Structure formats: structure tokens, C-alpha cells
Amino acid sequence: YRQVLVLAFGVVLLVGGGLGYFITRRAMSGVQRVTATAMCIGKGDLSRRVKAGCPGHEIEEMARAFNAMLDRIEGLVKELGDTTNNIAHDLRSPLTRIRGLAETTLASSPSPEALHTMGADTIRECDRLIEMINTMLEIARIDSGLTPMGNEGVDMVELVKQAVDLFGPVAEDKDQMLEFTC
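Everything numeric here is computed off the predicted structure, so don't read it as measured data. (Residues numbered from 1 in each chain as written. Predicted model: local features only at pLDDT ≥ 70, side-chain atom pairs only at ≥ 80, totals over all residues. Heavy atoms only, no water.)

Trainee: What should I look at first to understand the pattern of salt bridges in this one?
Mentor: Throughout the structure, instances matching the rule amount to 6 salt bridges. Between D121 and R124 there is a salt bridge, with its nearest N and O atoms 2.1 Å apart. Here D121 pairs with R124, and both are found in helix α3 (residues 112-144), just 3 residues apart, close to one helical turn. Linking R128 and E125 is a salt bridge whose minimum nitrogen-to-oxygen distance equals 3.1 Å. Taken together, the residues span about one helical turn, with R128 and E125 both in helix α3 at a distance of 3 residues. (Salt bridge = Lys/Arg side-chain N within 4 Å of Asp/Glu carboxyl O. Helix = DSSP H or I, 4+ residues; strand = E, 2+ residues; numbered from the N terminus.)

See below:
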């Protein structure tokens, strides 16, 4: 009985160990795929995705969640690039007007009144720039979830007036007229 028991125990140990190793390798292959994809993404390749067909329900769910997260991140990075381009364009117009105003005033023999007008116009344009930057920062805080978006009434007439004030100079730069009638 001892020999049979020892032999059976050895066979069970060998078969169980081999089967355990096979099952563990199969289960961990999904984790290795996710890890390899994460390493590539860490190096800057946001187009990589975890391949489907990972063994195990939990690993498959993790791969789907990981791919969904990557899709969201890739979209956000693209939106960030678009937003950066829009911000650069929106800031360029007031700065160009300020520079043009200063150059025009200084190119002529400026009188104290002309310098005063230039200073007032420069302050007005700077205030527009500050307002634009504050609006962009507020939008960024709301988008990131740091500031909750309130559910309060909006005066649409005032909102449209502000939009006309904001985009009026851009329209003027393009030789277009922006009118508001309420």
C-alpha cells in the first residue's frame, strides 16, 4: 500500500503541478498582453490596444475596460491639441490689435492725447485677453470636474451680447460686420 500510495502521490503531484503550471500560464498570458500594451503606451504609442481573446472572463473584461480607457485618453489628447490651436488663434487677434495700435501710434509723432487713447485701447484689449483666459480656465476646471457646473438661469440676450463683443474684433479683422439686434 505504501508503494502504491507513494507512486500515486507522485503521479498526482506531477500531473497536478503540470496542470497548475499550464492553467497559470494561460491565465497570466492575458495579464502579460495588458502589461505589454501598457508599456508601449507608456512610451507614447496611444494607438496600441489590448488584443481580444484573452483567456478568462475577468481578463477579457479588464482588456475591454483598458481599451475603452485608451480610446477616451486618445480622444482627450486630440481635443487638447485642437483646443491649444483654438486658444492660440483666439489670443493672437487681440495681441495683434494691441501691437498694431502701439506701432501706429508710435510711428506718427504721438501727441499726449494719442498716447492716452493708445493706453486706454491697450487696457481694453488686455481686459478682453484676461476675460478670455479666465473663461478658458473656468471651462478647464469644469471639464476636469474640479468645479461643478451649476444649473442656474442664463440671460441669453446678455450672453449673445458678450459673444458679439468677443467676436466683433475678429470679424473686423476679416473685414466682416457682426451685428446684434434684440
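Next comes the rest of the write-up.
Trainee: Is there a simple way to think about the nonpolar core in this case?
Mentor: For soluble globular proteins, the rule of thumb is that nonpolar side chains tend to be buried together. One finds V34, I41, V50, A63, F66 and L70 forming the largest nonpolar core, which totals 6 residues. Tallying contributions element by element places helix α2 (residues 57-107) first for this core, with 3 residues. With residues up to four places along the chain from it excluded, the contact list for L70 reads T37, I41, R48 and R49. (Core = buried A, V, L, I, M, F, W, Y, C linked by side-chain atoms within 4.5 Å. Buried < 20%, exposed > 50% of the residue type's maximum accessible area, 1.4 Å probe, protein only. Contact = heavy atoms within 4.5 Å.)

Trainee: Got a minute to help me understand the packing of α2 against α3 in this structure?
Mentor: In helix packing, the relevant descriptors are the interaxial angle and the interaxial distance, both defined with respect to the helix axes. One can describe the packing of α2 onto α3 by two numbers: an axis separation of 10 Å at closest approach and a directional angle of 170 degrees. With respect to α3, the axis of α2 lies roughly antiparallel. Taken together, the residues of α3 that come into contact with α2 (itself represented by I87, D90, L91, P94, L95, R97, I98, L101, A102, T105 and L106) are A114, L115, M118, D121, T122, E125, C126, R128, L129, M132, I133 and M136. For the contact of α2 with α3, the residue count by class is 16 nonpolar, 2 polar and 5 charged. (Axes fitted to C-alpha atoms, helices over the stretch in contact; angles between N-to-C directions. Parallel < 35°, antiparallel > 145°, perpendicular 65-115°, else oblique. Nonpolar A, V, L, I, M, F, W, Y, C, P; charged D, E, K, R; others polar.)

Trainee: So what exactly am I meant to see when it comes to a nonpolar patch on the surface here?
Mentor: Residues L7, V11 and V15 make up a contiguous nonpolar surface patch of about 290 Å² in total accessible area. Mapped onto the fold, V15 is located in helix α1 (residues 2-42). Residue V15 is classed as exposed on the basis of its relative accessible area, which comes to 53%. (Patch = residues over 30% accessible without salt bridge, like charges linked within 9 Å, V, L, I, M, F, W, Y side chains within 5 Å. Areas by Shrake-Rupley, 256 points an atom, 1.4 Å probe, with all protein chains shown as cover.)

Trainee: For this particular structure, what's the right way to read helix α4 (residues 156-173)?
Mentor: An α-helix turns once per 3.6 residues; consequently, residues spaced three or four apart project the same way. Between its first and last C-alpha atoms α4 spans 26 Å; for 18 residues at 1.5 Å apiece the expected length is 26 Å, and the two agree. Along α4, the helix axis deviates most sharply at F167, where the bend reaches about 40 degrees; the proline P169 sits within four residues downstream. When we look at burial in α4, the residues that qualify are V164, G168, P169 and A171. Packed against the buried residues of α4 are α2 and α3. The backbone nitrogen of V157 has a side-chain oxygen 3.3 Å away, supplied by the residue at the start of α4, namely D155. Immediately beyond the C-terminal end of α4, within one or two residues, lies D175, with a positive phi of roughly 55 degrees. (Expected span 1.5 Å × (residues − 1). Bend = angle between axes of the 7 residues up to and from the residue. Polar contact = N/O pair within 3.5 Å; in protein donor to acceptor, adjacent residues only side chain to side chain.)

Trainee: Would you take a moment to explain the layout of surface pockets for this structure?
Mentor: Rolled over the atoms, a probe sized like a water molecule indicates the empty space that remains. Volume-wise, the largest pocket comes out at about 1,200 Å³. As for the largest pocket, its lining consists of 33 residues, and the residues nearest its centre are M132, T135, M136, L137 and I139. Of all the secondary structure elements, the ones that give two or more residues to the lining of the largest pocket are α2, α3 and α4. Among the elements that take part in the lining of the largest pocket, α3 stands out by supplying 12 residues, more than any other. (1 Å grid on protein atoms, 1.4 Å probe; cavity = no way out; pocket = protein on both sides within 12 Å on 5 of 7 lines; lining within 4 Å. Points joined across faces, edges and corners; volume = space filled by probe spheres on them.)

Trainee: Help me understand the confidence of the model for the chain, please; the structure alone is not making it clear to me.
Mentor: For any part of a model where pLDDT is low, the fine detail of the predicted coordinates should not be relied upon. Looking at the chain, pLDDT values average 82 and 98% of them are 70 or higher. Here α2 stands out as the least confident element of the chain, with mean pLDDT 81; α4 is the most confident, with 87. (pLDDT = per-residue confidence, 0-100.)

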